[in-house]
Amino acid sequence: MRYLGLPFIIYLVVIGTTIGAAQAPRSVWDGAYTDAQAARGRILYAANCAECHGASLQGGEGPALAGETFWTSWREQTVGDLLGHVSKNMPFSEDGSLAGTLPMSTYVDIVAPILRSNDLPTGTAELAQPSAVGVRIIAKDGPGELPATTLARVVGCLEKAGSGWRLVKASRPERVTPANQNATVAAAPLGDASFNLMFVLTRLDKYVGWKMTATGALIGEGGVDGINVTTVTPVAQQCE
Ligand code: HEC
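We now turn to the structure provided with this report. All figures in this text were calculated on a predicted structure; none of them were measured in a lab.

Along the backbone of the protein chain there are 7 helices and 6 strands. For the protein chain, the sequential pattern of α-helices and β-strands runs α-α-α-α-α-α-α-β-β-β-β-β-β. Long-range contacts, defined here as pairs at least 24 residues apart, represent 66% of the contacts in the protein chain between residues at least 6 apart. Summed over all atoms, the accessible surface of the protein chain reaches about 13700 Å², with 58% contributed by carbon and sulfur.

Shown next, in the form of structure tokens:
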């Protein structure tokens, strides 16, 4: 039994993972909602959201929820983030008193027509609060760079660059969200990107060669033109 036990457990884990992967959509392109749900959601949307966001989600008093605005706001986030934002902050009102007042099932159903209006496919299972978590909103051809001005975080090795500073061997920028803003980055892997750190107000001389993390708004898509730094924090004295 001692010798049979381990392979058997591994077997179960492998089967379990395979089944899990087949059921849960990983990205919006795997089909995160159903036709029936989008039809239901459409009616709820008309009653609760259309006055500000437009009958066909084109925008009005509130931003458009379809097209370019949708992709700029939500690309590289998850359907769970979208649902969280809507269910906490909408319907909008001056004093915030309407925010979060609808049942969660209503918010979930309303997200379905938002996905549909952005030409995202239907699937076999309805969207639910738990299944929305981790479903990535990415372009059809795969994850892309974060849009310019996104608040993001990178780790890298600090270098002097002229009169300024740069992180080299840096990771890809990760979007900072309320859920991960306090996450620890000590073990975060380095990468092969480099970023100019713009508008740094702290003296960093003693950290040259250290592993550092920088948070700030990306300048240019993916931070090609640097990061408008809000904080730079040392992670480790070596950079590896
Ligand atoms: C009274 C007008 C009003 C109503 C009703 C309303 N919204 Fe909004 N919505 C806004 C405004 C204004 C903003 C931008 C300010 C903000 O994000 O707080 C916004 C922002 C949003 C955003 C973020 C858009 C982005 O690109 O960042 C989403 C998503 C959204 N609303 C969805 C909804 C949904 C779904 C409903 C219905 C449950 C709804 N809203 C009802 C006015 C409204």
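Additional details are given in the paragraphs that follow.
What follows is about the nonpolar core. Membership of the largest hydrophobic core comes to 30 residues, with the highest contact counts inside it found for Phe 70, Val 79, Leu 82, Leu 115, Leu 127 and Ile 137. Elements with a minimum of two residues in this core: helix H2 (35-48), helix H4 (68-74), helix H5 (79-89) and helix H6 (104-117). The greatest single-element share of this core, amounting to 7 residues, is contributed by H6.

Here we take up the layout of surface pockets. Estimates place the volume of the largest pocket at around 520 Å³. Of all elements in the fold, only H2, helix H3 (50-53), H4, H5 and H6 reach the threshold of two or more residues within the lining of the largest pocket. Here the lining of the largest pocket takes 4 residues from H4, the largest share from any one element. Looking at the lining of the largest pocket residue by residue, the class counts come to 18 nonpolar, 6 polar and 2 charged. Here the second largest pocket is characterised by a volume of approximately 410 Å³.

On to the side chain of Asp 109, then. With respect to the helices and strands, the residue Asp 109 is situated in helix H6. Here Arg 40 takes part through its side chain, which lies 2.9 Å from a polar atom of the side chain of Asp 109. Once residues lying within four places of it in the same chain are set aside, the contact partners of Asp 109 are Gln 37, Arg 40, Gly 41 and Leu 44.

Packing of H2 against H6 brings their axes to within 7 Å, and their N-to-C directions diverge by 105°. Overall, the two elements H2 and H6 adopt an arrangement that is roughly perpendicular. Contacts between H2 and H6 pair Asp 35, Gln 37, Ala 38, Arg 40, Gly 41, Arg 42, Leu 44, Tyr 45 and Asn 48 from the former with Thr 106, Val 108, Asp 109, Ile 110, Ala 112, Pro 113, Arg 116 and Ser 117 from the latter. Class assignment for the residues of the contact of H2 with H6 results in 7 nonpolar, 5 polar and 5 charged.

A few words now on the environment of Asn 196. One can find Asn 196 in strand S4 (residues 193-198). Classification of Asn 196 by relative accessible area gives partly exposed; the value is 32%. Taking the C-alpha atoms as reference, Asn 196 lies 8.8 Å from Val 168; in sequence the two are 28 residues apart. Residues within four places of Asn 196 in sequence aside, it is in contact with Trp 165, Arg 166, Gly 226 and Ile 227.

Formally, a disulfide is one covalent bond, and it connects the sulfur atom of one cysteine to the sulfur atom of another. Scanning the entire structure with this criterion turns up 1 disulfide. Here Cys 157 is linked by a disulfide to Cys 239, with a sulfur-sulfur distance of 2.0 Å. On the S-S bond that ties Cys 157 to Cys 239, the torsion sits near -85°, and the link is left-handed. Taken as a pair, Cys 157 in strand S1 (residues 151-161) and Cys 239 in the segment after strand S6 (227-236) lie far apart in primary sequence, 82 residues in all. As far as burial versus exposure is concerned, Cys 157 and Cys 239 are alike and both buried.

This part takes up the pairing of S4. As defined by bridge partners, strand S2 (residues 164-170) adjoins S4 across 4 bridges and the pair is classed as antiparallel. Across the sheet, residue Leu 167 finds its bridge partner in S4, namely Phe 195. Direction of pairing for S4 relative to S6: parallel, over a ladder of 2 bridges. In the sheet register, Met 198 faces S6, and the bridge partner there is Asn 228.

Basis of the calculations
- Residues numbered from 1 in each chain as written.
- Predicted model: local features only at pLDDT ≥ 70, side-chain atom pairs only at ≥ 80, totals over all residues.
- Heavy atoms only, no water.
- Helix = DSSP H or I, 4+ residues; strand = E, 2+ residues; numbered from the N terminus.
- Contact = heavy atoms within 4.5 Å.
- Areas by Shrake-Rupley, 256 points an atom, 1.4 Å probe, with all protein chains shown as cover.
- Core = buried A, V, L, I, M, F, W, Y, C linked by side-chain atoms within 4.5 Å.
- Buried < 20%, exposed > 50% of the residue type's maximum accessible area, 1.4 Å probe, protein only.
- 1 Å grid on protein atoms, 1.4 Å probe; cavity = no way out; pocket = protein on both sides within 12 Å on 5 of 7 lines; lining within 4 Å.
- Points joined across faces, edges and corners; volume = space filled by probe spheres on them.
- Nonpolar A, V, L, I, M, F, W, Y, C, P; charged D, E, K, R; others polar.
- Polar contact = N/O pair within 3.5 Å; in protein donor to acceptor, adjacent residues only side chain to side chain.
- Axes fitted to C-alpha atoms, helices over the stretch in contact; angles between N-to-C directions.
- Parallel < 35°, antiparallel > 145°, perpendicular 65-115°, else oblique.
- Disulfide = S-S within 2.5 Å.
- Pairing = 2+ DSSP bridges.

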